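Descriptive structure summary
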Amino acid sequence: MGSISEDDWTTGKCFQTGSSSTIGASASLAVPPSRAPRPPKPFANPQKTGADGSTALQTKVVQPRAAKPLYDPTHPDALVMPRPPSSHQWQNNQRNDSIVDVVVDPHLVSKLRPHQQKGVIFLYECIMGLRQYEGCGAILADEMGLGKTLQCITLVWTLFKQGPYGGKPIIKRVLIVTPGSLVKNWCREFRKWLGSERISVFPVSSDKKVEEFKKSPLFPVMVISYEMMVRYADDIRGITFDLVVCDEGHRLKNSTIKTASLLSSLAVRRRILLTGTPIQNDLQEFYSIVEFCNPGVLGTSGSFHRVYEEPILRSNQPSATKEEKTLGAARATELSRLTSLFVLRRTQEINNKYLPPKVETVVFCKPSALQLRLYQHLLRSPLIRSCLSRGYASSASAGSPHLVCIGALKKLCNDPSLLYQASRKADEEGKRRGGESWLLDHDDEEESLYKGLLPIYPPEYTEGRPLLAHCGKLCVLSEMLRAMHADPTRRERLVLVSNYTQTLDILQALCSIEGYQFCRLDGSTPTAKRQSIVEHFNSSYAKETIFLLSSKAGGVGLNLIGASRLLLYDIDWNPANDLQAMARVWRDGQKKTVYIYRLITAGTIEEKIYQRQISKQSLSGAVVDAKGQSGSVKFSLEDLRDLFTLHEGSSCITHDMLSCDCTDTNGPSSNVKAPGDVQKGPQRPCQLGKLKPTVLKKNLSMGDLNEWQHYLAPLPEDFQDEYLLEAKDGITFVFQNETNMVPVP
Ligand SMILES: [Zn+2]
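The text that follows walks through the structure, step by step, so that each part is easy to find. Fair warning: this is a prediction, and the values are worked out from it, not measured in the lab. (Residues numbered from 1 in each chain as written. Predicted model: local features only at pLDDT ≥ 70, side-chain atom pairs only at ≥ 80, totals over all residues. Heavy atoms only, no water.)

1. Considerations on the sheet that holds strand E7 (residues 343-344)
- Spatially, E3-E4-E2-E5-E6-E1-E7 is the arrangement adopted by the seven strands of the open sheet, whose pairing is parallel. Strand pairing shows two members of the sheet lacking a second neighbour, strand E3 (201-203) and E7, which therefore form its edges.
- In this fold helix H7 (residues 183-198) packs onto strand E2 (174-178), E3, strand E4 (221-225), strand E5 (243-246) and strand E6 (270-274), with an angle of close to 155 degrees to the strand it touches most, E4. (Pairing = 2+ DSSP bridges. Helix = DSSP H or I, 4+ residues; strand = E, 2+ residues; numbered from the N terminus. Contact = heavy atoms within 4.5 Å. Axes fitted to C-alpha atoms, helices over the stretch in contact; angles between N-to-C directions.)

Shown next as structure tokens:
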């Protein structure tokens, strides 16, 4: 007694108050040891007691209801919640109500996928206090697209109607707090899964005040934005809620202390926090999120810092001793064990097997003659040369000329017209100055980059109107769009993604010239209008065939399953942005095979960025998620030399890097490979592994690319994608891969 075992100290278990390694010592959850094996109360058969009418108990014990489960728990498809253990009954069923199975409404069960069913059970156990920790809170951190909302709605609906003790419902009123842009979405989701008759949802808005909700008995669910929540704090404190759900709950860690402390101060023990982002990267933030859901479960902030944060962080330092490493690892393991009791996170991979096939194609496009001439001129510019001689490896501040140069080259790849205005300006400036003193003034650095470009443009060149012949990628895109629109009965729809608004303008101009109908969503689209644009495009009657999307304006939960094709026109340093864009179409609800195209100008900086993307992706997805902003990209002088080299005439330097010899054999036709042709065709090294079902990884790596199909131009006549086939004159190389569905177990 009184001494601490070495193991308990190493893991930190001895510091825990809420949860203990030895069940039974925990104060409030487990059964007191002396009474442990005893059943909670003498069993009282409701029928007997009622019929008999003469037991002494009758006056003291409220007559238990002869409650029955709401739905048949023996049905083969029934989703039945776990029964509370005797310890729970001892504490929570003092009226000795009969134990009734809680069975999820079959109407909803039919819509739940296996992982969602597990999620509902998990949430139920947490909220009911059935798990071995102190508290009634849960964190559901599933990645976007796994149906966090549906799992939550299912739980809410179940608890509204049922409970394990006498069948009495567990909750009467629920508060859902969410970012302003998602308030309507929550109402829609309730309607979608439960219809409008089953449950009434009250969204707080400028017209619908909290006061109304308070007075009306009609609404069991209130949905409110974080902003409104602060505004109506006093009203909300006056309402008794039985469950609070915080959507996008990671915001709590950044949001004003006011919102977080207001939410914490609500007298609601049952708390669910939903988030799609990894939350364990920063232990202090993680602590505050956990503290909101299950106050006290990790001890005080100070003891958490001492017991977990500090040893874990110290063990990650290069200078850590062996003992520090051992201790840090043990504490990390224990922290993870403890929090896994109430944190559930699943990734997209779980969902992939239910989605239709996805065909990904990386299309290398031939740069135009104009692009090549401009590109070479840029590479010879004094600014790029000075970057290469001086090096800007770590100059994140104080002007970053290398970023200016990279930006210019990227624009040139997207369309030469994006540099036209700057070139004209530089030309006028040059004339004004008589061609002198270009590099004397620091501010002129960028302008100097465009000096001498104007004469390279053909005389007929005008700004803002795409001239197809002068841009490799645009040419390919234009041919693809033409082929796509050739047969209007096919109703093909495409999402066109770019990182730049100016590039979207050019793509939009192309659509206008060709008469294709389009929708557009970028950073300037008001939040209030976004949802209606998206819904319109997704509806079956929409005439628009193209959705122009700025990759950075996506936001949470943007769903574009009305299209089954998506084209990434340019490339981002951060693969997470591209993955997010792809998830717009390849997601829950998509019925058709999805085609993802990525256009890359062969031999240029775009290829270099792509290589960086796929070679750096071996980092954990979580790290990229949190820190992969383009601002943090670092370059060595060697990096810059590589970025500022043009490989003219190369069909695909990325393929050259793979050391794959598929293109060395008997001329181009031997690279042709129809799907399913693997046994018949000649075996080539790059095709090895093609027969194996693709292991679904989150991020593509160089090694994966080796296992994709490789096609050197010209594309074979039986190439799988007819739209690309129409554009083959502008294509130098293609990587292609199909992710097939794994049979559902
Ligand atoms: Zn190859």
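Structure shown, so let's carry the discussion forward.
2. Section: the coordination of the zinc ion
- Protein-derived ligands of the zinc ion are His655 (NE2), Cys660 (SG), Cys662 (SG) and His710 (ND1), with the metal-ligand distances lying across 2.0 to 2.2 Å.
- In this structure, the zinc ion is coordinated by four donor atoms arranged in tetrahedral fashion, with angles at the metal of 96 to 126 degrees.
- One chain supplies every donor for the zinc ion, spaced along it as H-x4-C-x1-C-x47-H. Neither residue differs from the other here; cysteine 660 and cysteine 662 are each classed as buried. (Donors = N, O, S within 2.8 Å, 3.2 Å for Na, K, Ca; no water. Tetrahedral: all angles 85-135°; square planar, octahedral: opposite > 155°, others 65-115°. Buried < 20%, exposed > 50% of the residue type's maximum accessible area, 1.4 Å probe, protein only.)

3. Regarding the environment of proline 488
- Within the secondary structure, proline 488 sits in the loop between helix H22 (472-486) and strand E9 (494-498).
- Judged by its relative accessible area of 65%, proline 488 is exposed.
- Considered as a pair, proline 488 and threonine 545 are 57 residues apart in the sequence and their alpha carbons are 9.8 Å apart.

4. Notes on the nonpolar core
- If you look at the biggest cluster of nonpolar residues, it comprises 91 residues, and the most contacted ones within it are Leu175, Trp186, Phe190, Met222, Ile224, Ile236 and Leu263.
- The greatest single-element share of this core, amounting to eight residues, is contributed by helix H6 (residues 148-161).
- Within the second largest apolar cluster, 49 residues are counted, among which are Leu374, Leu640, Cys660 and Leu705. (Core = buried A, V, L, I, M, F, W, Y, C linked by side-chain atoms within 4.5 Å.)

5. Focus: the pattern of salt bridges
- As enumerated under the stated definition, the model contains 28 salt bridges in all.
- Glutamate 360 serves as the salt-bridge partner of lysine 358, at 3.4 Å between the closest nitrogen and oxygen.
- Residue classification places lysine 358 among the buried residues on the basis of a relative accessible area of 10%.
- Judged by its relative accessible area of 16%, glutamate 360 is buried.
- Here aspartate 721 ties to arginine 565 by a salt bridge, and the two come within 3.7 Å at their closest N and O atoms. Taken together, the residues aspartate 721 in the loop between strand E14 (709-712) and helix H31 (722-726) and arginine 565 in strand E12 (residues 565-568) connect sequence positions 156 residues apart.
- Under the relative-accessibility criterion, arginine 565 is labelled buried at 5%.
- Through salt bridges with shared partners, a single ionic network connects Arg490, Glu492, Arg565, Asp721 and Glu722. (Salt bridge = Lys/Arg side-chain N within 4 Å of Asp/Glu carboxyl O.)

6. Digging into the sheet that holds strand E13 (residues 594-601)
- The sheet built from eight strands is open, its strands ordered E10-E11-E9-E12-E13-E8-E15-E14 with mixed pairing. The sheet is open, and its two edges are formed by strand E10 (518-521) and E14, each paired on a single side. Ignoring which end each strand starts from, the neighbouring axes of this sheet average 15 degrees apart.
- Looking at chain direction, strand E8 (residues 358-365) and E13 are connected through eight bridges and run parallel. Within the sheet, the bridge partner assigned to cysteine 365 lies in E13 and is threonine 601.
- Against the sheet, helix H23 (residues 501-514) makes contact with E9, E10 and strand E11 (546-550), and its axis sits at roughly 170 degrees relative to E10, the strand it touches most.

7. Some points on unusual backbone geometry
- Omega for the peptide link from alanine 713 to proline 714 comes to 0 degrees, which places this bond in the cis form.
- Checked against the element boundaries, proline 714 lands in the loop between E14 and H31.
- One non-glycine residue with positive phi stands out, namely glutamate 248, at about 50 degrees.
- You can see glutamate 248 is positioned in the loop between E5 and helix H11 (251-254).
- At arginine 491, a position not held by glycine, the phi torsion is positive, near 50 degrees.

8. With respect to the packing of aromatic side chains
- Taken as a whole and judged by the stated rule, the model has 15 aromatic pairs.
- Taking the centre distance of 5.7 Å and the plane angle of 45 degrees together, the rings of phenylalanine 304 and tyrosine 308 count as tilted. Taken together, the residues span about one helical turn, with phenylalanine 304 and tyrosine 308 both in helix H14 (residues 301-316) at a distance of four residues. Grouping residues by exposure puts phenylalanine 304 and tyrosine 308 together as buried.
- Here phenylalanine 364 and phenylalanine 735 contribute two aromatic rings whose centre-to-centre distance is 5.7 Å and whose plane-to-plane angle is 75 degrees, an arrangement assigned as edge-to-face. In this pair, phenylalanine 364 sits in strand E8 while phenylalanine 735 sits in strand E15 (residues 731-739), placing the two residues 371 residues apart along the sequence.
- Looking at phenylalanine 364, the relative accessible area reads 0%, which means it is buried.
- Members of the aromatic cluster, each reached through a chain of ring pairs, are Phe202, Phe213, Phe219 and Phe241.
- One cation-aromatic arrangement involves lysine 473 over tyrosine 569; the distance from NZ or CZ to the ring centre is 4.4 Å. (Phe/Tyr/Trp six-rings, centres within 6.5 Å; stacked < 30°, edge-to-face > 60°. Lys NZ or Arg CZ within 6 Å of the ring centre and 35° of its normal.)

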